[in-house]
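Coordinate analysis (summary)
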Amino acid sequence: MGEVIYLETAAGRSHRLPDDGNLTAVDIKRLESIRDNVEALLNMVAGIRRDPEAVAYASARFGLMRMYHLHGRAAAMGFADRCIETAEMAQDLDRC
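**Overview of unusual backbone geometry**
Located in the positive-phi region is Arg 50, a residue other than glycine, with phi close to 55°. Relative to the helices and strands, Arg 50 is located in the loop between helix H1 (25-49) and helix H2 (52-71). Here Arg 50 falls in the exposed class, since its relative accessible area comes to 76%.

Now the structure itself:
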């Protein structure tokens, strides 16, 4: 997993993070597990429905709308931008 990103909620407080901003190994493992399980489920649904584009749009919409409500517009847009940048870097590495 890449770097864990800390986001402020719209109310200006960290969402479910320790006061010191550091995640424990258990926290990181839990977040990695959630990420991996959600990606596996989305891949499964995309295969069953034979429409990966629709699943991508639906999951992106859900995620971005939820992030907006939890953290505000700037954080949601910043997260989306970082995701796209990561995908571009991965694509560039695959070309090498």
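The structure having been displayed, the exposition proceeds.
**Examining helix H3 (residues 73-95)**
Over its 23 residues, H3 runs 33 Å from end to end, which matches the ideal 33 Å to within 8%, given 1.5 Å per residue. Among all positions in H3, only Ala 75, Ala 76, Gly 78 and Ala 80 are buried.

**Digging into H1**
Over its 25 residues, H1 extends 36 Å from the first C-alpha to the last, a length consistent with the 36 Å expected when each residue adds 1.5 Å. Positioned one or two residues after H1, Arg 50 has a phi angle of 55°, which is positive.

**Brief notes about the pattern of salt bridges**
Within this structure, the stated rule accounts for two salt bridges. A salt bridge links Arg 35 to Asp 36; the nearest nitrogen and oxygen atoms lie 2.8 Å apart. For Asp 92, the salt bridge is made with Arg 95, and the minimal N-O distance between the two is 3.5 Å. One end of the pair is Asp 92 and the other is Arg 95, both in helix H3 and three residues apart, which spans about a single turn.

**Considerations on a nonpolar patch on the surface**
A grouping of Leu 41, Met 44, Val 45 and Ile 48 is seen on the molecular surface, where their side chains present a nonpolar patch of about 380 Å² in accessible area. Note on placement: Ile 48 falls in helix H1.

About the cut-offs
Every chain's residues receive numbers from 1 upward, in the order its sequence appears when written. Selection of residues for local features in this predicted model requires a pLDDT of at least 70, selection of side-chain atom pairs for listing and counting requires 80 or more, and totals for whole chains, interfaces and linings are taken over all residues. Calculated side-chain values reflect all of the structure's heavy atoms, with hydrogen atoms and water omitted. Each helix is a run of DSSP H or I of at least 4 residues and each strand a run of E of at least 2, with the numbering of both proceeding from the N terminus. Buried residues are those whose accessible area, probed at 1.4 Å on protein chains only, stays under 20% of the maximum for their type, while exposed residues exceed 50% and partly exposed ones sit between those limits. By definition here, a helix of n residues has an expected span of 1.5 Å times n minus one. Whenever Lys or Arg places a side-chain nitrogen within 4 Å of a carboxyl oxygen from Asp or Glu, that contact is recorded as a salt bridge. Only residues above 30% relative accessible area that lack a salt bridge enter a patch, with like-charged residues linked at up to 9 Å and the nonpolar side chains Val, Leu, Ile, Met, Phe, Trp and Tyr linked at up to 5 Å. Note on areas: Shrake-Rupley with a 1.4 Å probe; residue coverage comes only from the protein chains shown.

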